[in-house]
Number of protein chains: 2
Amino acid sequence: MKVAFIGMGTMGAPMALNILKAGHEVVVYNRTREKELPLVDAGAMRAGTPREAAAVAGIIITCVSDTPDVEDVVLGDEGIIHGATAGSLMIDMSTISPAATRQMAAKLADKKVRMIDAPVSGGSEGAQNATLAIMVGGESEDVQHAMPVLEAMGKTITHVGRIGSGQITKAINQVILAGTFMGVAEGMVLGMKAGLDMQKVAEAISGGAAGSWVLSNRAMNMVNNTYPLGFRTKLHHKDLRIALEAAREMGATLPASALMDQIENGIIGRGYGDEDMSAIARVIRELAGIVSPVES
Amino acid sequence: MKVAFIGMGTMGAPMALNILKAGHEVVVYNRTREKELPLVDAGAMRAGTPREAAAVAGIIITCVSDTPDVEDVVLGDEGIIHGATAGSLMIDMSTISPAATRQMAAKLADKKVRMIDAPVSGGSEGAQNATLAIMVGGESEDVQHAMPVLEAMGKTITHVGRIGSGQITKAINQVILAGTFMGVAEGMVLGMKAGLDMQKVAEAISGGAAGSWVLSNRAMNMVNNTYPLGFRTKLHHKDLRIALEAAREMGATLPASALMDQIENGIIGRGYGDEDMSAIARVIRELAGIVSPVES
């Protein structure tokens with residue numbers, strides 16, 4: 001299968017590499033052109049624009065930062081929509097607005113270009129090891145057609161519903177993270193204030209109803225006040241904005257997510273946006289006057 | 001070992017029964033006297049007051065509702081403190097204030113009565129099956145002394161620190177639950193508003209960073225709008241009050257927990273306090289105008 005891959009970022013570059021490794025032909029494009037070079041060394045071809053990349057491929061993948069970036073790559077003057085051939089399939093693997101996704105799909109459909117949305121979770125490590133979780137929205141036959149390429153990048157591939165459903169599922173994931181991270185951060189700070197051995201406490205409760213991936217994998221970041229990546233706060237904040245916009249459009253009320261969004265505003269404003277999102281604990285710690293790694 | 005057990009509630013009665021089954025002599029007392037009878041049928045003796053129960057036992061266990069109840073049973077006119085012999089050990093397995101716990105321990109120490117705090121999690125099922133998680137605060141030698149009795153009631157027994165530490169650990173557990181339940185409820189409602197198959201969505205994300213016991217075990221309650229026990233909302237609300245009081249005393253700020261506390265106020269006020277705490281989703285659903293089990 002010939003695959004165009006647009007977006008050679010922290011996620012896109014290793015994902016494109018895994019498609020190459022799976023034996024597909026790959027044509028790459030990135031706005032900052034030199035980021036294409038490692039892929040060319042690995043055997044990929046280059047295209048001069050998204051339009052040119054789309055013109056030569058049956059499957060066109062986009063993996064860029066945010067809604068306007070995907071819109072530019074798809075609908076812009078040199079966009080995919082002007083190059084893609086009838087019957088080709090576009091897979092957007094960025095995390096963007098579900099509503100914008102459906103609007104782009106409708107415009108592509110006018111040109112007989114199909115589209116599915118397939119945002120991922122699992123971070124750069126998952127992208128490198130092809131162990132991403134991929135949440136897919138679209139028509140079943142299109143998802144089936146994409147499957148060999150998706151399987152080259154991810155481990156858990158779930159078709160959740162119609163176009164846009166992948167993005168909503170990703171938004172749900174980020175909303176759940178918001179509440180879980182706040183709960184764990186507040187719990188850790190309460191225990192630190194009381195002078196408890198938080199490693200022991202986390203062990204005591206992680207097997208029960210309070211157990212979570214966040215408690216098992218991020219609580220000690222909060223206790224030690226070090227926040228190595230992980231998942232960047234500013235990326236979660238961007239994704240949470242998408243979730244809150246979707247809630248606004250659909251008429252849902254997400255009070256805990258809104259609280260997390262506000263706290264992340266401040267974390268990012270103070271220069272911690274590139275830390276892991278467990279840096280939420282910075283604020284809860286500081287509100288409680290805990291500055292050193294552990295202090296009772 | 002001769003054990004006095006005070007409090008034959010939903011938790012206390014099966015816990016006392018498990019101590020009997022492990023081969024210890026048990027003396028029971030309960031304010032509502034007829035609740036002692038099933039234990040008597042199983043081989044326990046009865047005492048007329050907490051003081052009388054304490055007088056004949058080397059280990060005195062309390063498992064009652066709230067801080068004033070423990071204070072009454074320990075310090076009241078017919079309280080444990082007036083009967084317990086020097087060298088005996090009191091184990092409070094109620095969920096109460098850490099500060100009140102330390103105050104009672106100090107008063108008991110004046111009479112040479114030792115005390116540890118050992119609140120539990122795992123619900124009535126855990127109490128019946130002796131699979132409770134027990135979080136213990138106190139001196140190591142006292143915890144060692146209590147261990148045969150604790151092991152008759154629970155599976156995971158963690159000594160987390162000095163007296164009161166068990167209660168703080170339980171408070172941390174409830175704080176983490178507050179955030180996690182809100183995150184999962186908000187995520188489920190967002191997906192329901194979008195008309196997604198939430199069973200599929202939960203499966204797609206539960207293996208990743210958003211995964212938690214709550215997501216795996218309570219999300220479908222929220223989707224189906226049925227909240228079988230489980231863990232009563234009003235008990236979580238009581239425990240969260242203890243956590244928020246501890247935060248107030250120690251000077252910690254717990255914004256998500258405070259939000260959950262307010263939402264639970266309304267749930268209980270409307271008559272849903274005896275439902276499982278996943279009933280938090282009632283509010284988030286209703287704010288989004290979702291009334292039927294699943295509606296897009």
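Residues numbered from 1 in each chain as written. Chains lettered and ligands numbered in written order. Predicted model: local features only at pLDDT ≥ 70, side-chain atom pairs only at ≥ 80, totals over all residues. Heavy atoms only, no water.

**Q** Looking at this structure, I do not really get the overall build of chain A. What am I missing?
**A** The number of helices and strands found in chain A is 13 helices and nine strands. For 296 residues, the compact-globule formula gives about 19 Å, and the C-alpha radius of gyration of chain A, at 21 Å, lands near that figure. Counted over contacts in chain A with a minimum sequence separation of 6, partners at least 24 positions apart contribute 66%. A total of about 10,900 Å² of accessible surface is found on chain A, and carbon and sulfur atoms cover 49% of it. (Helix = DSSP H or I, 4+ residues; strand = E, 2+ residues; numbered from the N terminus. Rg over C-alpha atoms; globule rule 2.2 N^0.38 Å. Contact = heavy atoms within 4.5 Å. Areas by Shrake-Rupley, 256 points an atom, 1.4 Å probe, with all protein chains shown as cover.)

**Q** Before we go on, may I ask you to explain the relation of the copies chain B and chain A in this structure?
**A** These two copies of the chain differ by a rotation about an axis and a displacement along the same axis. For the pair chain B and chain A, the relating rotation is 180 degrees, the translation along its axis is 0.0 Å, and the fit reaches an RMSD of 0.0 Å. Accordingly, the operation relating the two chain copies is best matched by a two-fold axis. By residue overlap, the copies meet face to face through one surface: 100% of the interface positions of chain B are interface positions in chain A. (Least-squares fit on C-alpha atoms with pLDDT ≥ 70 in both.)

**Q** Quick question: what am I supposed to make of the packing of aromatic side chains here?
**A** To describe a pair of aromatic rings, one takes the distance between the centres and the angle between the planes. Across all of its chains, the model carries zero aromatic pairs over all chains by this definition. Over the face of the ring belonging to Tyr272(A) we find Arg282(A), whose NZ or CZ atom lies 3.8 Å from the ring centre. (Phe/Tyr/Trp six-rings, centres within 6.5 Å; stacked < 30°, edge-to-face > 60°. Lys NZ or Arg CZ within 6 Å of the ring centre and 35° of its normal.)

**Q** Looking at this structure, I do not really get the domain arrangement of chain A. What am I missing?
**A** Quite often, the size of an interface is put as the accessible area lost when its parts meet. All names here are of chain A. As assigned here, chain A comprises domain 1 (2–163) and domain 2 (168–287). The centre of domain 1, based on its C-alpha atoms, is set 29 Å off from the matching centre of domain 2. The interface of domain 1 with domain 2 comprises 13 residues on the first partner and ten residues on the second. Taken together, the two surfaces of domain 1 and domain 2 that pack against each other cover about 980 Å², and 60% of this comes from carbon and sulfur. Considering only the side of domain 1, the residues that lose the most area to domain 2 are Thr-95, Pro-98 and Met-135, jointly responsible for 43% of the buried surface there. Viewed at the interface, domain 2 and domain 1 are joined by one salt bridge. Note that Asp-66 is salt-bridged to Arg-241, the shortest N-O span being 3.0 Å. Here domain 1 and domain 2 share five residue pairs in polar contact (both at pLDDT 80 or more) between them. The set of elements that each furnish at least two residues to the side of domain 1 that touches domain 2 consists of helix 5 (98–110) and strand 7 (120–121). If you tally residues by element for the side of domain 1 that touches domain 2, the top one is helix 5, at three residues. In terms of residue class, the side of domain 1 that touches domain 2 is made up of seven nonpolar, four polar and two charged. (Domains from an automatic or database assignment. Buried area = accessible area lost by both parts, 1.4 Å probe. Salt bridge = Lys/Arg side-chain N within 4 Å of Asp/Glu carboxyl O. Polar contact = N/O pair within 3.5 Å; in protein donor to acceptor, adjacent residues only side chain to side chain. Nonpolar A, V, L, I, M, F, W, Y, C, P; charged D, E, K, R; others polar.)

**Q** Just checking my understanding: could you explain the pairing of strand 9 (residues 154–161) of chain A for this structure?
**A** As a general feature of sheets, a regular strand has side chains that alternate between the two faces. Residue and element names in this part refer to chain A. Sheet topology places strand 8 (residues 132–137) next to strand 9; six bridges connect them, and they run parallel. Pairing of Leu-132 across the sheet is with Gly-154, part of strand 9. After leaving strand 8, the chain enters helix 7 (residues 140–151) and then returns to the sheet as strand 9, a path that is right-handed. (Pairing = 2+ DSSP bridges. Right-handed = clockwise from strand over helix to strand, strands pointing away.)

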